Each structure stands twice: as structure tokens, then as C-alpha cells.
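Structural overview
Each chain, letter by letter, is given below.
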Amino acid sequence: MDLGLRGKKAIVTGATKGIGRAIVELLALEGADIGLCARDADEVAETVAALKVRGINAVGEAVNVRDGEHYKAWLERTATALGGCDIFIPNVSAGGGFDSEKNWVKSFEVDVLHTVRGCETLMPHLEKSGSGSIVIISSTNALETFGVPQAYNAMKAALLTYSKQLSQHVGKRGVRVNSISPGPVYFDGGAWELIKGTMPKLYDWAVKQIPIGRMGAPEEVARVVAFIASPAASLITGSNIVADNGFTKRVQF
Amino acid sequence: MGSDEDFRKRSQSPAFTPVRRVTPENSPETPAEKAPDPQLVDGVIDARRYTSAEFMKLEWERLWTRVWLLGARELDMPEPGDFVVTEIGPESILIVRQSDGGLRAFYNVCQHRGNRLRPCGVGTSGTTRSITCPYHHWEYELDGSYRRIPDLDTFPQGAPPRGLKELRCDTWGGFVWYTLNESPEPLRDFLGVIPKHLDPYNFNRMVQTRDLTVEWHCNWKTSVDAFNESYHVQGIHPQLLWYLHDLDIQIDCYERHSRYLIPFGTLSPRVRKPPGIPEPIKTIMKGAGMDPADYDGPITNIRHDVQKHKRALGATQGRDYSRLNDDQLTDDYHYFIFPNLSLNVHADDFWIFRQRPHPSDPDRMFYDIMTYELVPAGTEWPERVPHRQWRHGDKSIGTVLDQDAANLPGVQAGMHSAGFNGLWLGRQELRIRHFHKVIDDYVYGPAGRPPGAP
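A brief look at the structure comes next. (Residues numbered from 1 in each chain as written. Chains lettered and ligands numbered in written order. Predicted model: local features only at pLDDT ≥ 70, side-chain atom pairs only at ≥ 80, totals over all residues.)

Here's the deal with the overall build of chain B
From N to C terminus, chain B includes 10 helices and 20 strands. Taking 454 residues into account, the globule formula puts the C-alpha radius of gyration at 22 Å, and chain B, at 24 Å, falls close to it. Oriented by its inertia axes, the alpha-carbon framework of chain B measures out at about 80 × 60 × 40 Å. With 454 residues in all, chain B has 39% of them scored as buried. Of the contacts made within chain B by residues no fewer than 6 positions apart, 65% connect residues no fewer than 24 positions apart. (Helix = DSSP H or I, 4+ residues; strand = E, 2+ residues; numbered from the N terminus. Rg over C-alpha atoms; globule rule 2.2 N^0.38 Å. Buried ≥ 20, exposed ≤ 12 C-beta atoms within 10 Å, placed from the backbone. Contact = placed C-beta atoms within 7 Å.)

Here's what the structure looks like:
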């Protein structure tokens with residue numbers, strides 16, 4: 001099956017590690033041009049260089065998405081550099097944290113506001129595409145009780161509502177909007193590696209919740225994202241795709 | 001079986017960029033400079049010294065009865081008549097605050113029939129006007145002289161020639177030290193560099209927050225060894241790799257004592273940079289009054305930023321850090337005071353782990369945990385915790401110490417094995433080698449060597 005990604009222009013935030021990195025690697029392999037950002041300039045440069053080996057065009061900058069003006073300017077610059085934007089994948093997250101009210105502000109600014117700002121800034125480009133597609137990265141933490149009440153879970157839930165409403169709003173302009181809710185994803189340098197090392201009981205508990213007995217890999221999430229982002233998924237908009245290896249227990253009617 | 005090259009490659013320690021440390025001239029009191037490493041032979045440390053009753057006897061005769069030992073905390077016995085009981089091996093010691101404010105230490109034994117004057121056991125303390133034996137009520141003054149012997153006239157030979165048998169005691173660091181040695185060197189000489197290094201922390205500003213004794217199933221030295229190297233962190237404390245640097249450690253051996261300086265609040269080069277701040281490092285930040293949710297810098301900058309933060313805010317929080325260098329505000333200044341005290345010393349707290357030999361069994365020992373926390377100026381002095389005691393594994397003593405405790409009986413059992421000759425030590429374990437060298441100096445004399453040693 002040809003996903004139809006060759007020559008598409010994709011912008012992905014937080015793309016030097018983990019799920020974001022796997023997404024840009026796969027999109028590049030499928031022939032898409034990539035614009036990416038992350039906090040660390042060295043890691044951005046390394047990622048851009050690695051993608052260019054695929055023979056596609058890749059650009060990247062160090063951006064802190066909490067700085068709204070800087071972030072929006074980067075999005076515009078990147079769309080211009082790529083010659084448009086067909087796919088937008090807001091992937092950055094502030095991660096967990098439950099010990100301070102400031103986590104709520106941080107999670108709101110990073111997880112929610114950066115997604116909203118990105119969608120609004122890039123919408124004119126996505127409309128022009130003809131096959132514009134947004135894939136918002138949520139989490140199974142938004143769907144079922146996990147751990148303690150914390151901003152991460154609530155903000156990921158906010159993204160699901162936003163994603164659905166946005167899909168209705170921009171559908172007539174030819175832009176599809178979907179979200180992906182990965183379950184626990186393990187990778188080198190990832191949150192679960194840290195949890196495995198520092199809170200082994202929580203890690204063991206999480207693995208036990210997964211029928212097949214292992215966490216997901218970034219590459220597995222990336223394959224779902226790449227399909228949903230691609231013109232091949234033309235019938236799918238307003239959906240939330242749960243990719244969790246059976247981690248969640250609810251029935252999806 | 002892999003090639004030698006594969007073996008070496010798999011076994012290589014990770015490379016790392018050294019952490020930033022204070023320079024000696026930026027350390028107001030505690031010396032920061034590295035001491036020259038002692039020249040010690042790379043030999044095997046004979047396992048029999050951990051298991052043999054004979055070696056245990058030599059240790060008692062030539063080491064435990066020669067050194068100075070930690071006995072009590074002065075703050076626990078401020079008033080005349082306050083007393084504390086401590087123990088070492090088969091001996092029980094009674095430390096008593098005198099009417100003139102001075103201190104005396106006695107063997108805890110009545111001169112009549114040998115009964116204990118006060119119950120044995122670390123943690124026994126109280127206040128008394130005189131010391132009366134619970135058996136026939138022989139009564140002693142606080143200074144150990146006789147006050148009353150019931151029916152003295154029925155002893156034709158009179159009272160024994162002297163009252164309670166006294167021991168030397170002295171004070172340093174807010175603690176009472178004693179020695180079974182009848183002609184000891186002065187305590188200050190025994191402690192060597194320690195007062196200069198640790199006085200700046202001013203332990204008297206700290207209240208005791210844990211006072212615990214656990215009987216452990218290992219030799220006392222097996223436990224000392226466990227706290228004198230950081231090589232085991234990657235083995236049994238993997239969670240600490242996201243909390244401290246286990247390889248960039250400054251080891252300093254002094255005459256009898258030693259220390260190592262462990263950078264806290266940073267990552268081990270053995271782990272990858274995580275996506276967020278590890279919880280244990282967040283705890284350090286919160287302790288300094290920082291909000292981790294506010295922190296936008298890289299994790300590797302946190303240690304230095306905590307130092308700056310504490311330096312700037314300490315005084316406003318009633319925490320005077322003026323006598324400490326910047327590294328002392330974050331790092332573990334870990335001292336070993338020969339023969340049996342491991343001190344994790346920090347700006348806001350310190351922990352003492354004390355290893356005491358069992359009276360008769362080389363495979364058992366007593367592990368004392370005493371922790372203390374800085375009481376900020378202007379706040380009410382809290383009551384110290386009571387002493388508790390239990391047996392190996394009965395209860396949790398905290399994740400990290402449980403990991404240490406769980407491992408030690410296996411080490412001790414292995415010391416008895418025909419398949420094991422002795423300890424094969426690396427550079428990270430220099431303090432263990434130094435510790436055993438000092439033991440040898442006591443047991444065999446400074447020029448002497450253990451039987452069969454190279």
C-alpha cells in the first residue's frame with residue numbers, strides 16, 4: 001500500500017527523541033520532507049543530518065514551544081522553507097509532575113497551547129495542501145485513571161476534545177484532524193526507562209497491565225501516526241486511535 | 001565464550017565529563033583538596049578475617065580496646081545525673097553527667113557480684129541522683145565512688161578497694177567518646193583531621209531524627225566495606241544512578257580515617273539523560289526551596305543551581321551555610337572514622353552508621369543508624385526520636401539501606417566458602433583497602449603483616 005507521503009511536507013515538534021524521532025524517521029523513509037524542532041540545538045542538528053541521509057529535505061531549529069511568539073515564527077519560517085505544510089504533528093509534552101501547581105501551567109502551555117497555536121498558525125498552509133492532516137499526540141492517561149491526579153492526564157484529555165472539535169470545524173476545508181493515544185512506550189532515555197530505574201514497582205505494574213507483556217516501541221506508534229497522517233487514511237477524521245497493546249481496559253463501542 | 005577483546009569492551013567503565021568542583025581556595029574551612037593516595041599493595045584481603053573467632057579475638061585485644069569510640073550525644077545528657085548506656089562487643093559502658101557538668105564513663109558493672117547497674121543495650125538512658133545496683137542495692141555516687149553499701153558492717157574485709165571501674169572519655173563534635181584503652185593517645189590526636197573537616201557543619205544545630213539498631217547477619221567489617229565504596233551503586237542501588245555521580249568521586253585517605261566526596265543532584269554517566277527531572281533530584285531541589293516545575297535548564301546544571309540557590313537563600317531560611325563550601329551544599333561528604341563510623345555529611349543533615357561487633361559471633365553485628373537534621377534558627381527545637389531495635393529484615397529501614405541489608409548475609413556466607421579466598425579490590429574500593437591496612441596496623445603492628453601476606 002502506498003501511503004502517498006512522498007513529497008509531502010511534515011512539521012513535527014519534539015522530534016529528536018522517542019516517539020517524535022521515530023515519526024520523523026518513518027515519514028522521511030516514506031519520502032516526506034521534514035521540519036522539526038526540539039529544545040537542544042545539538043540534538044536538532046544531529047536529527048536533521050540523520051534525516052537528510054534519506055534523500056529528503058529536512059530543516060530544524062532549537063525551539064522552546066512555551067515561547068509562543070518564537071514558536072509561531074519558527075512554524076512560519078519552516079513552512080516557507082519546506083514550500084508548504086501538508087502534515088502537522090504537535091508532539092511535544094511537558095510530561096508528568098504532580099507536586100506543584102506550576103505543573104498545571106507548564107502542561108497547559110506545552111501540551112495544549114503549543115498544539116492550538118501550531119494548528120492555528122499552520123491552518124492556512126494545511127488548507128492549501130488539499131490533503132492537509134493534523135495528528136495530535138494524546139495518551140491513554142486521558143482515557144483511564146492512571147497514577148495520581150495530574151496535569152499531564154487532564155491536558156492530554158483536553159487535546160482529545162480539541163482534536164474532535166477542530167476536525168468538525170476544518171473538515172469542509174479539506175483538513176483532517178485525528179489524535180493518537182499511545183499506551184506506555186518504552187525507549188532508551190524515555191520516561192519509562194527512568195521509571196523502571198527509579199520506581200521499579202510502578203514499571204512492573206504497568207507491564208502486567210499489558211496482555212502481551214511488553215510496552216510499545218516508538219516505531220510502533222510512528223507507524224500508526226504515519227498512516228493516519230497520510231492521504232491513505234482519507235476516510236478518517238475526528239477519530240482517536242488507541243495504540244496501547246491492550247493497556248486500557250475500557251470497551252470502545 | 002567471547003574473545004578477550006569482547007570481554008574488555010563489555011567491561012569498560014563509561015567515559016564522563018568531570019563535574020564542576022570547588023577549588024581548595026574556595027573552601028573556607030573543610031579542606032577540598034585531594035589527598036595523595038596511599039601506596040598499598042594490590043593483594044587479596046583474606047576472607048578469614050571476616051569469619052574467624054581467632055581474628056575476632058585479636059581485634060578485641062588489639063583494636064577495640066585501643067581505639068576511641070563514639071558513646072553518646074551530649075545533647076542527650078545535659079543535666080547532672082543524666083546517663084547513657086552504650087555497648088561495644090561484650091562490654092557495656094555507662095556514661096554519666098557529673099554534678100560539676102563534666103562527664104565520666106564507667107564499665108556498667110557493680111563491684112559486688114558483677115551485675116549490670118543499668119540495663120544493657122544502646123538506647124538505655126535516663127536521669128538519676130545516684131547509681132544503685134538493682135540486685136543488692138549497692139549505691140554509687142555519680143562520680144563512681146561508694147555512697148551506700150547495705151550492711152557494710154557484715155563485710156569483714158570492707159568495701160572493694162575502689163568504686164566503679166572508670167574509662168577515659170572526652171568530647172568532640174557534640175558527642176561523648178570513650179576508650180577501653182587505659183593509656184590512650186588524646187582523642188584529638190586519634191581523630192586527626194576529622195575535627196578540622198567536620199566542625200564547620202556544627203552538628204549541635206541538628207536534632208536527632210532516627211535512632212535505630214538492627215542486628216545484622218554479617219561481620220562488622222562486611223558492613224563497613226559496604227559503605228566505603230560507590231562501585232556497588234550500579235549493582236544494588238540502580239535507582240541512585242539518576243541521583244548521584246557514582247564514578248566522579250574524590251577519594252581521600254588520611255592516617256586512619258578516610259572520606260569520599262560524592263556529587264549529588266546529578267546523573268551517573270551510566271544512564272541516559274531522561275526526559276524529565278528524576279523524582280529524587282526533585283526532592284533535592286524542593287529541599288533547597290526550588291520548584292522543579294519551574295526549572296527549564298538541563299538536568300546537569302541542577303546541582304550547581306541548587307548550590308547557588310541555597311547560598312542565596314540559606315540565611316533567610318535560618319540556615320547558616322557560611323562555613324561550608326558550595327559543594328557541601330549539595331554533595332555527600334562521606335567520612336569514615338576508624339574503626340566503625342560511616343558519616344554521610346550534608347549541609348542540612350547528617351547520618352551516622354555505626355558498626356559494632358557482636359560479643360561473640362563473627363557472623364553477626366549491630367548496625368546503628370543515627371540521623372540528624374538542621375533545626376533552622378528561630379524555630380522550636382523538636383524532641384529527638386526514641387531509640388528502636390530489631391533484627392535483620394524485620395522491618396524496612398528505607399529502600400537504599402534495605403538493598404544494602406539484603407545483600408550482606410550473602411556476602412558473609414560467601415566469606416566462609418572454600419571457593420573464595422578474599423576480596424579482589426579495584427580503585428573505586430581504595431577506602432576498603434586502606435581500612436584493612438589500618439586494621440593490620442592495629443592487629444599486627446605498623447611494621448607487621450598478616451600471616452601469609454605478601
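A short note on the sheet that holds strand β14 (residues 258-262) of chain B
Residues and elements named next belong to chain B. In space, the 8 strands of this open sheet follow the order β13-β14-β15-β16-β17-β18-β12-β19, with mixed pairing throughout. Single-partner strands in this sheet number two, and they are β13 (250-253) and β19 (388-391). Shown here is a sheet whose adjacent strand axes are inclined to one another by a mean of 15°, direction ignored. In this structure, strand β17 (residues 349-357) lies alongside strand β18 (residues 365-374), joined through 9 bridges in antiparallel fashion. (Pairing = 2+ DSSP bridges. Axes fitted to C-alpha atoms, helices over the stretch in contact; angles between N-to-C directions.)

Observations regarding the interface of chain B and chain A
Of the residues lining the interface, 17 residues belong to chain B; the matching set on chain A comes to 16 residues. For the side of chain B that touches chain A, the class distribution of residues is 9 nonpolar, 2 polar and 6 charged. (Nonpolar A, V, L, I, M, F, W, Y, C, P; charged D, E, K, R; others polar.)

A few points about helix α8 (residues 218-229) of chain A
Residues and elements named next belong to chain A. The end-to-end C-alpha distance of α8, which contains 12 residues, comes to 16 Å, matching closely the 16 Å that a straight helix rising 1.5 Å per residue would cover. Taken as a whole, α8 has its buried residues at P218, V221, A222, V225, A226, I228 and A229. One side of α8 carries all its buried residues, which in axial view fall inside an arc of 165°. (Expected span 1.5 Å × (residues − 1). Arc of directions from axis to C-beta.)

Re the nonpolar core
Residues I23, L27, I34 and V225 of chain A together with I95 of chain B are the most contacted members of the largest nonpolar core, which totals 158 residues. Per-element tally for this core: the top contributor is helix α1 (residues 18-29) of chain A, with 7 residues. When residues are assigned to domains, this core turns out to be shared by domain 1 (18-54 + 193-444) and domain 2 (68-180) of chain B, each giving three or more. What I95 of chain B contacts, discounting residues up to four positions off in sequence, is G71, A72, F83, V84, T86, L103, A105, C169, V176 and Y178 of chain B. (Core = buried A, V, L, I, M, F, W, Y, C linked by C-beta atoms within 7 Å. Domains from an automatic or database assignment.)

Re the packing of helix α5 (residues 220-227) of chain B against helix α9 (residues 399-415) of chain B
Relative orientation and spacing of two packed helices are given, respectively, by the angle between their axes and the distance between those axes. All names here are of chain B. Between α5 and α9, the shortest axis-to-axis distance is 10 Å and the interhelical angle comes to 130°. Overall, the two elements α5 and α9 adopt an arrangement that is oblique. By crossing handedness, the relation of α5 to α9 is classed as right-handed. Counting all contacts with α5, which are made through T222, S223 and A226, the residues of α9 involved are D404, L408, V411 and Q412. Among the residues making up the contact of α5 with α9, the classes are represented as 3 nonpolar, 3 polar and 1 charged. (Parallel < 35°, antiparallel > 145°, perpendicular 65-115°, else oblique. Left-handed = near helix turned anticlockwise from the far one by under 90°.)

Quick word on the pairing of strand β2 (residues 33-38) of chain A
Residues and elements named next belong to chain A. Among the 6 residues in β2, 6 count as buried, and that is most of the element. What you see with β2 is no split at all: D33, G35 and C37 on one side and I34, L36 and A38 on the other are buried throughout. Here 5 bridges tie strand β1 (residues 9-13) to β2, and the two strands are oriented parallel to one another. Bridged to I11 within β2 is G35. Running through α1, the crossover from β1 to the neighbouring parallel element β2 is right-handed. Relative to strand β3 (residues 58-62), β2 runs parallel, the two being bridged by 5 bridges. Residue pairing across strands places L36 opposite G60, the latter belonging to β3. A crossover connection joins β2 to the parallel β3 through helix α2 (residues 41-52); in handedness this β-α-β unit is right-handed. (Right-handed = clockwise from strand over helix to strand, strands pointing away.)

A closer look at the environment of H304 of chain B
Residue and element names in this part refer to chain B. On the secondary structure map, H304 appears in helix α8 (residues 302-313). Residue classification places H304 among the partly exposed residues on the basis of 17 C-beta atoms within 10 Å. On a C-alpha basis, the gap between H304 and V411 in space is 37 Å, while along the polypeptide they are 107 residues apart.

Observations concerning the environment of T154 of chain B
Looking at where T154 of chain B falls in the secondary structure, it is placed in the loop between β9 (146-148) and β10 (166-172). In the structure, T154 of chain B is positioned 24 residues away from Y178 of chain B in sequence and 36 Å away in space, judged by C-alpha atoms.

Brief notes about the pairing of strand β4 (residues 91-97) of chain B
Residue and element names in this part refer to chain B. Counting buried positions over the 7 residues of β4 gives 6, a clear majority of the element. Taking the residues that link successive antiparallel strands as the turn, the strand β3 (residues 82-88)-β4 hairpin has 2 residues, and the phi of G89 there is positive, at about 50°. Relative to strand β5 (residues 103-107), β4 is paired through 5 bridges, and the arrangement is antiparallel. Opposite I93, over in β5, you have Y107 as the bridge partner. If you look at the hairpin formed by β4 and β5, you'll find 5 residues sitting between the two strands, and G101 has a positive phi there, around 90°.

Overview of unusual backbone geometry
All names here are of chain B. The omega torsion across F338 and P339 is 0°, close enough to zero to call that bond cis. Positive phi values are uncommon outside glycine, yet D151 reaches one of about 55°. With respect to the element layout, D151 can be found in the loop between β9 and β10. Positive phi, close to 50°, is recorded for N202, a residue that is not glycine.

Topic: the sheet that holds strand β7 (residues 131-132) of chain B
Residues and elements named next belong to chain B. If you trace the 3 strands from one edge of the open sheet to the other, you get β7-β8-β9, paired in antiparallel fashion. The open sheet has two edge strands, β7 and β9, and neither has a second partner. Of the strand pairs in this sheet, strand β8 (residues 139-140) and β9 are connected by 2 bridges, and their pairing is antiparallel. Each residue of the ladder has a partner; that of E139, found in β9, is R148.

These results come straight from atomic positions and should not be treated as a statement about function.
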